[in-house]
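# Summary of structural features
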Amino acid sequence: MSGKSDSGRQDTIDEFGDVVNMTPAGLKKWLATDEAKSVGQSDGDGESVGHASGRRIVKLLEKKKADLTDDDLAHMRKVVGYVHRHTAQRPKGDVTDTAWRYSLMNWGHDPTKSK
């Protein structure tokens, strides 16, 4: 591996760590709620894309950095992109009980908490 790909890999891991501010246990607990299941676009099997992503994020958070595959890193980049795009669309007012927040939480980011 070249030094560039190593640093790109680390950049992805760092960015993912910056946007995912929920713990694996907290995300698992959230994904079990009706609110988590009520938002997002279904991919055909009844589960939203974000909800499925949340389950994958839990696995990523529990993995050792050395065990992350290229596919894992690609999903991490997808999560970073989604969180950045979605947070830019923050609605006015209290977002505590909004579909906007619930969608972000499915992707491992709770916009109401600081890291």
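Everything in this summary refers to the structure shown in the same document. Small disclaimer: the values here were computed from a predicted structure and weren't measured.

### A closer look at the overall build of the chain
A tally of regular secondary structure across the chain gives six helices and zero strands. Counting from the amino terminus, the chain carries its helices and strands in the arrangement α-α-α-α-α-α. A principal-axis box enclosing the C-alpha atoms of the chain has dimensions of 45 × 30 × 25 Å. Residues counted as buried form 40% of the 115 residues belonging to the chain. When the accessible surface of the chain is summed, it comes to about 6800 Å², and 51% of that surface belongs to carbon and sulfur atoms. Mean positive and mean negative side-chain charge positions of the chain (19 and 18 charges, respectively) differ by 1 Å.

### Topic: the packing of aromatic side chains
How two aromatic rings sit relative to each other is set out by the distance from centre to centre and by the angle between their planes. Going through the model one piece at a time under the given rule, you end up with two aromatic pairs. Where Trp30 meets Tyr102, the ring centres are 5.3 Å apart and the plane angle is 45°; that geometry is what we call tilted. Of the two residues, Trp30 is situated in helix α2 (residues 24–31) and Tyr102 in helix α6 (residues 99–106); the sequence distance between them amounts to 72 residues. Looking at Trp30, the relative accessible area reads 10%, which means it is buried.

### Quick word on the nonpolar core
Among the nonpolar cores identified, the biggest contains 26 residues, and Phe16, Leu27, Trp30, Met76 and Val79 are the most heavily contacted of them. Within the residue set of this core, elements represented by two or more residues are α1 (3–19), α2, α4 (49–62), α5 (70–87) and α6. Considering every element that reaches this core, the biggest residue donor is α5, with six residues. With residues up to four places along the chain from it excluded, the contact list for Met76 reads Thr12, Ile13, Phe16, Leu60 and Leu68.

### Some points on the side chain of Arg9
Mapping Arg9 onto the fold places it in helix α1. Buried charge without a salt bridge: Arg9, with Asp70 as the nearest opposite-charge side chain at an N-O distance of 5.0 Å. If we skip the residues at most four places from it in the chain, Arg9 touches Lys65, Ala66, Leu68 and Leu73.

### Section: the environment of Ile13
Mapped onto the fold, Ile13 is located in helix α1. In this structure Ile13 comes out as buried when scored by relative accessible area, which is 15%. Considered as a pair, Ile13 and Val80 are 67 residues apart in the sequence and their alpha carbons are 9.9 Å apart. Those residues in contact with Ile13, other than ones at most four positions away along the chain, are Lys65, Leu68, Leu73 and Met76.

Calculation criteria
Here the residue index of a chain counts from 1 through its sequence in written order. The predicted nature of this model means local features are confined to residues of pLDDT at least 70 and side-chain atom pairs, given and counted, to a pLDDT of 80 or more, with totals for whole chains, interfaces and linings taken over all residues. With hydrogens and water set aside, each side-chain value is computed from the structure's full complement of heavy atoms. A run of H or I in DSSP counts as a helix once it spans at least four residues, and a run of E counts as a strand once it spans at least two, with each numbered from the N terminus. A simple rule labels every residue: compare its accessible area, found with a 1.4 Å probe on the protein chains alone, to the largest value its type can have, and call it buried under 20%, exposed over 50%, or partly exposed in between. Using a 1.4 Å probe, accessible areas were evaluated by the Shrake-Rupley method; residue-level cover was limited to the displayed protein chains. Think of it this way: Lys and Arg go in the positive column, Asp and Glu in the negative one, and His and the chain ends go nowhere. In this description, the location of a charge corresponds to atom NZ of lysine, CZ of arginine, CG of aspartate or CD of glutamate. Here a pair means two rings of Phe, Tyr or Trp (six-membered ring of Trp) with centres within 6.5 Å. Their orientation is stacked below 30 degrees between planes, edge-to-face above 60, and tilted elsewhere. Grouping buried Ala, Val, Leu, Ile, Met, Phe, Trp, Tyr and Cys residues that are joined through side-chain atoms within 4.5 Å yields what is termed a nonpolar core. Pairs of residues are marked as contacts when any of their non-hydrogen atoms sit within 4.5 Å. Counted as salt bridges are all cases of a side-chain nitrogen of Lys or Arg within 4 Å of a carboxyl oxygen of Asp or Glu.

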